[in-house]
Amino acid sequence: MGDKVAGFRRTLSGTIISDKMDKTVTVEVIRRTLDKKYRKYLRERRRYHAHDEKNEYVVGDRVEITENKPISKTKRWVVTKMVA
């Protein structure tokens, strides 16, 4: 029973909109959801703070972020790679 298993971790892709903090970037993830009543697609926008250990990503980069254990009060995601 003492096995350490990471479990299921979500991955999202989005665009970096801020890199002003040290070792932290703000990633904006845009999803398209279907409205139940009007059957039209809506843009749903959500922003996440993600950990960037080497400060290597800049504003405008498309990146993939992965869920992680809490790093600070608002950071629960880590930037894993750049998406083309």
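Residues numbered from 1 in each chain as written. Predicted model: local features only at pLDDT ≥ 70, side-chain atom pairs only at ≥ 80, totals over all residues. Heavy atoms only, no water.

## Concerning the packing of aromatic side chains
Thought 1: One pass over the structure, following the stated rule, counts 1 aromatic pair.
Thought 2: The side chain of arginine 32 reaches across the aromatic face of tyrosine 41, ending 4.6 Å from its centre. (Phe/Tyr/Trp six-rings, centres within 6.5 Å; stacked < 30°, edge-to-face > 60°. Lys NZ or Arg CZ within 6 Å of the ring centre and 35° of its normal.)

## What about the side chain of glutamate 28?
Thought 1: Mapped onto the elements of the fold, glutamate 28 is located in strand E2 (residues 24-34).
Thought 2: At 3.3 Å, the side chain of glutamate 28 forms a polar contact with the side chain of arginine 47. (Helix = DSSP H or I, 4+ residues; strand = E, 2+ residues; numbered from the N terminus. Polar contact = N/O pair within 3.5 Å; in protein donor to acceptor, adjacent residues only side chain to side chain.)

## Digging into the environment of leucine 34
Thought 1: When you line up the elements, leucine 34 lands in strand E2.
Thought 2: In contact with leucine 34, not counting residues within four places along its chain, are Arg39, Lys40 and Tyr41. (Contact = heavy atoms within 4.5 Å.)

## Section: the side chain of threonine 26
Thought 1: Assignment of secondary structure puts threonine 26 in strand E2.
Thought 2: Threonine 26 gets classed as buried once you look at its relative accessible area, which sits at 9%.
Thought 3: Among the polar contacts made by the side chain of threonine 26, one reaches the side chain of histidine 49 at a distance of 3.4 Å.
Thought 4: Apart from residues no more than four positions distant in its own chain, threonine 26 is found in contact with Thr15, Ile16, Ile17, Ser18, Met21, Arg47, Tyr48 and His49. (Buried < 20%, exposed > 50% of the residue type's maximum accessible area, 1.4 Å probe, protein only.)

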